[in-house]
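These are the residues of each chain, in order.
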Amino acid sequence: MTSRTSHDSGQRNPLDTTSAPGPSRLELVQKALFAPFNHKKSDSARILSDLAPVIMTPRMINSASTANSRQRQAVENGTVGRTRVDFATLGRAPLRLGMGSRRVTSRDLEVMEATEELLHAEVPEPDGVASNVSLLRGFNATIPSAEQSRTRRRQMRNVDAPHLGLKKLGMNARGLLTEDDDGHSVTSEDDVVMVPRIETGRKGKKRRGRESLSTSKLLGKEELSRQKKEILRDKENLHVRRSLIHNEIAEITNKIEALDVIREKLEHDLLKLQEDELELDDELEGVGERMDFEQAAGRSAKANGTQSVHVPQSSRRRKGPSFLPSEHNELPPGVAFMTLESHSAPIAALDFSEPYGTLVSASQVDSQLIVWDLFSGTQMGRLKGHTGPIKCIQVEDHVCLTGSEDGAIRLWDLRRVDNEDGWGEEGEFVTLSDVAEESEDGEVEAEQPTSNGIRNGKAPVDEGEQPCARVLEGHTKAVTSLYFEDDCLVTGASDKTLRQWDLTTGQCVMTMDILWAISHSAAPSIPGIAASIGSFAVPTPPFADGSWDMYEDFVGGVQFWGYGLVSGSGDGAVRMWDMRTGQAHRTLLGHTEPVTCLQFDELHIVSGSLDKSIRVWDLRTGGVFETLKYDHAVTALQFDTRKIVAATGENGIKVYNRTSMQHSTLLTNGHTHPVQRLRYMDRYMVSGGRDATVKIWSL
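Computed from a prediction, not measured in an experiment: that's the story for all the values here. Sequence order sets the numbering: in each chain, residues are counted from 1 along the sequence as written. Where totals are concerned, whole chains, interfaces and linings use all residues; where local detail is concerned, this predicted model gives features only for residues with pLDDT of at least 70, and gives and counts side-chain atom pairs only at 80 or more. Processing note: side-chain calculations cover all non-hydrogen atoms of the structure and skip hydrogens and water entirely.

(A) Structural context of the overall build of the protein chain. The helix count covers DSSP runs of H or I at least four residues long, the strand count covers runs of E at least two residues long, and both are numbered beginning at the N terminus. Check the secondary structure of the protein chain and you find 11 helices and 32 strands. Remark: exposure states derive from per-residue accessible area (1.4 Å probe, protein chains only) relative to the maximum for the residue type, with buried under 20%, exposed over 50%, and partly exposed in between. Counting the 699 residues in the protein chain, one finds 39% classified as buried. Summarising the internal contacts of the protein chain: among those between residues at least 6 apart in sequence, 54% fall at separations of at least 24. In this description, contact between two residues means that some pair of their heavy atoms is separated by no more than 4.5 Å.

(B) Spatial organisation of the layout of surface pockets. Two kinds of site are reported from a 1 Å grid over the protein atoms alone, namely cavities, where a 1.4 Å probe fits but cannot get out, and pockets, open sets with protein on both sides within 12 Å along at least five of seven lines, and residues are called lining when an atom falls within 4 Å of a point. Grid points are joined across faces, edges and corners, and a volume is the space filled by probe spheres set on the points. Estimated volume of the second largest pocket: approximately 1,100 Å³. Those elements giving two or more residues to the lining of the second largest pocket turn out to be β2 (347-352), β6 (390-396), β12 (479-485), β17 (550-551), β18 (555-561), β22 (595-600), β26 (636-639) and β30 (675-681).

(C) Structural detail: the sheet that holds strand β5 (residues 378-383). Two strands are said to pair when DSSP picks up at least two bridges between them. The 4 strands lie next to each other as β2-β3-β4-β5, forming an open sheet whose pairing is antiparallel. Because the sheet does not close on itself, it has two edges, and the strands there are β2 and β5. For this sheet, the mean inter-axis angle between neighbouring strands, taken without regard to orientation, is 25°. In the sheet, strand β4 (residues 369-373) pairs with β5 via 5 bridges, with the strands oriented antiparallel. Its bridge partner being in β5, I370 is matched across the sheet by R382. In this description, a line fitted to the C-alpha atoms serves as the axis of each element, helices being fitted only across the stretch in contact, and the angle between N-to-C directions of two axes falls anywhere from 0 to 180 degrees.

(D) How the structure looks around a nonpolar patch on the surface. Nonpolar side chains (Val, Leu, Ile, Met, Phe, Trp, Tyr) within 5 Å and like charges within 9 Å form the patches, drawn only from residues with over 30% relative accessible area and no salt bridge. Shrake-Rupley sampling with a 1.4 Å probe provides the accessible areas, and residues are treated as covered by the protein chains on show and by no other component. Between Lys or Arg on one side and Asp or Glu on the other, a salt bridge is scored when a side-chain nitrogen of the former is within 4 Å of a carboxyl oxygen of the latter. Together, L259, I262 and L266 make up an exposed nonpolar region whose accessible area comes to about 310 Å². Structurally, L266 can be placed in helix α10 (residues 221-302). On the accessibility criterion, L266 (54% relative accessible area) is exposed.

(E) Structural view of the sheet that holds strand β25 (residues 624-629). Across the sheet, which stays open at both edges, the 4 strands sit in the order β22-β23-β24-β25 with antiparallel pairing between neighbours. Each edge of the sheet is formed by a strand with only one pairing partner; in this case those strands are β22 and β25. Averaged over all pairs of adjacent strands, the angle between their axes in this sheet comes to 15°, without regard to strand direction. Of the pairings in the sheet, the one linking strand β24 (residues 613-618) to β25 comprises 5 bridges and is antiparallel in character. Counterpart to V616 in the pairing with β25 is E626.

(F) Examining the environment of G357 more closely. By the element assignment, G357 lies in the loop between β2 and β3 (358-363). Assessed through its relative accessible area of 2%, G357 is described here as buried. Each C-alpha atom, one on G357 and one on D373, is 6.3 Å from the other, the two residues being 16 residues apart in sequence.

(G) Local environment of the pattern of salt bridges. Following the criterion strictly, the structure yields 18 salt bridges and no others. Taking the shortest distance from any N to any O, the salt bridge between E267 and R263 comes out at 3.1 Å. In this pair, E267 and R263 are both assigned in helix α10, 4 residues apart and thus about one turn of the helix distant. One salt bridge in this structure joins D276 and K272, with 2.9 Å as the shortest N-O distance. One end of the pair is D276 and the other is K272, both in helix α10 and 4 residues apart, which spans about a single turn. Classification of D276 as partly exposed rests on a relative accessible area of 27%. Look at the salt bridges and you will find they share partners, linking E279, D282 and R642 into a network.

(H) Focus on the side chain of H475. For H475, the location among the structural elements is in the loop between β11 (468-473) and β12. Separated by 2.7 Å, the side chains of H475 and T491 make a polar contact. A distance of 3.2 Å separates polar atoms of two side chains, one belonging to H475 and the other to D495. Those residues in contact with H475 that sit more than four places away from it in its chain are G407, I409, T491, A493, D495, T497, R499 and W501. Polar contacts here mean pairs of N or O atoms no more than 3.5 Å apart (in protein, one a potential hydrogen donor and the other a potential acceptor; neighbouring residues in sequence count only if both atoms are side-chain atoms).

(I) Expanded view of the nonpolar core. Core analysis: the biggest nonpolar cluster contains 21 residues, and L498, I514, F560, L565 and W577 have the highest contact counts within it. Mapped by element, the contributors of at least two residues to this core are β13 (488-493), β15 (507-513), α11 (514-519) and β18. If you look at the next biggest cluster of nonpolar residues, it comprises 15 residues, including I347, F352, Y356 and I696. Only buried Ala, Val, Leu, Ile, Met, Phe, Trp, Tyr and Cys residues count toward a nonpolar core, and they belong to the same one when joined by side-chain atoms within 4.5 Å.

(J) Inspection of unusual backbone geometry at higher detail. The backbone of D397 sits at a positive phi, close to 60°, despite the residue not being glycine. As for its position among the elements, D397 is in the loop between β6 and β7 (399-404). Taking the relative accessible area as the measure of exposure, D397 reaches 15% and is therefore buried. In this structure, D682 takes a positive phi of about 55° despite not being glycine.

(K) Just the pairing of strand β8 (residues 408-413), in detail. β8 sits mainly inside the fold: 6 of its 6 residues count as buried. Here β8 shows no split at all, with A408, R410 and W412 on one side and I409, L411 and D413 on the other all buried. Here β7 pairs with β8 via 5 bridges, running antiparallel. Following the sheet pairing, C400 is matched in β8 by W412. Pairing of β8 with β11 involves 5 bridges; the strand directions are antiparallel. Within β11, the position partnered with W412 by the bridge is C468.

(L) Just the pairing of strand β23 (residues 604-609), in detail. Burial within β23 is extensive, with 6 of its 6 residues counted as buried. Where β22 meets β23, 5 bridges bridge the pair, whose relative direction is antiparallel. Paired with F600 across the bridge in β23 is I605. A loop of 3 residues connects β22 with β23, the two strands running antiparallel in sequence.

(M) Region of interest: the environment of W516. Position of W516 relative to the elements: it lies in helix α11. Spatially, the C-alpha atoms of W516 and A584 are 9.7 Å apart, while their sequence positions differ by 68 residues.

(N) The arrangement of the packing of aromatic side chains in detail. Only the six-membered ring of Trp is used, alongside the rings of Phe and Tyr, when aromatic pairs are assigned; centres must lie within 6.5 Å, and planes under 30 degrees apart are stacked while those over 60 apart are edge-to-face, with the rest tilted. On inspection of all chains with the given rule, the structure shows 7 aromatic pairs. Taking 5.2 Å as the distance between ring centres and 90° as the angle between the ring planes, the aromatic pair formed by Y483 and F560 counts as edge-to-face. On the criterion of sequence distance, the pair formed by Y483 in strand β12 and F560 in strand β18 is long-range, its members being 77 residues apart. Here the two residues Y483 and F560 agree in accessibility, since each one is buried.

(O) Structural context of the environment of Y483. Taking the relative accessible area as the measure of exposure, Y483 reaches 4% and is therefore buried. Taking the C-alpha atoms as reference points, Y483 and F560, 77 residues apart in sequence, are found 7.5 Å from one another. Within the local environment of Y483, its side chain forms a polar contact with the side chain of E485, the two groups lying 2.5 Å apart.

Right under this line is the structure:
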């Protein structure tokens, strides 16, 4: 960059500050700044002149004077240097201090010069949904120009008028103080309302009306056109900004949905942890039960004895995991992997001792029970003795109790099952823990079962011994439900009574009359059902296949624990009895049809009914904790701390997860007609349906 030569050879250096009166230092610096651009009448000169007031700060002037003095000293000392200060030399230090470490170059100035051309250039717009929104328009729309234009138009409409003191009026209207503590007004003199004096002395002179404020000011056509363009442009920008906000809202919505998915997954993981905790609790309790069992088995093994019917502890309240073959882990869950076919009518009752143990089943028309070996899936024999169809079964180890329409309860010893194919052959899977074998020399020794339940050798059974060890008689009608633990048995029958039995002596200890409990209860029952002295019979709601039966079981289910007994009856009530007094001390009402099944634990009672519902009752309050609705009648159920498994008149088995509150259905290789009975232990389940088959499931 070269400096302009002086018009006069005798003219002094304009930057010489030692000269006599002349231009000021500020003027000299400005001349030095604009000297390289005076020969160009381009946009760069205009941009620089607009930038000059910003650059010419006191700090900038001090830096320029320092650079000027250094130049003069260099000339006086005879050093070779620039004869004048150019823009780059003068602006390097202040630009580095005020605008960053990088200095402005000619390339940057070229970009600044082309700003107007770039803004007016036609930018290709996209087609489709984004045709109304572009990056450039979106950038312009984000500039708060609308407020500036609105403020400018408002100022154009302002009219000069006397001070009205509107600020003071507003403060008074809002209840704000207008005087300080000394009594002086806190408002300024401009806020005082000046009310002109009205002369009333002259009579007959009319008061002149006040003109409108809008008549005193004219905006002009050019200004109005400008305001119109501004308003249209602001409306256009509002449309763009609205589109941008909608896009942001849509983006936030998508993020919320993604977060909801993550939250749902985390909640699922949390529920899974809760299920694992419940499973560990059950396993811990099962380990404790196993320790007690092995200690009791060790004590009994030391004592001598003969083969007798020993009643083991009930498996209904067993919570720990069961012993399963290693191959069971290879089975997919929720699949029926075995089918047992020997019955000719719908299954009425079934129960088994343990997974892959002994199963006893009966149909609606058979008076004989079929005993199955679940390990091989073969029939082991039949139990003969009842004269009517079987209504209820409970199996514990080698002990089986059955109730029939003949009104009798029979106690069976499954070790004495008559089987022509050879019951108890060598290598057969039997889990009979309390069997005493006689040796050839006449000594009696206790047989020790192996850990996996498989015993080698044959259990001797006298040819004269029958499987039926005892017959309990007392009910006058069909025995429809039973439950036993240790030596205590409770049965319910269609004669509307509950009986407590001692299995050691075979005697009836107590009789509880349900009709007496109904008549002495303040709670109402189903009209025409409970008060019926004669036979009890109601039609069941149609099953999923359209079939139906006549339901005649007045007592649908019983269970006791200690001295507490729970029963479900045909009047739709769930009653809690005290077995020491034989009195019903609480009645739970909620079902509108007969109760068909029930079970309870430490906290809840779960009951199923012909009213197509399962109700979970809170033992502490007696209220309904949860209600599950289905499309058909509930005929069987079983539950634990994690799930409720039920037969609900459909081909599939319903499973309700109590932790996640989700329903699922087991259908794979299942029944072809509705399921009626079921029983499970750990991950092993047996079900019987109206298709006269028994299915073995893996859970």
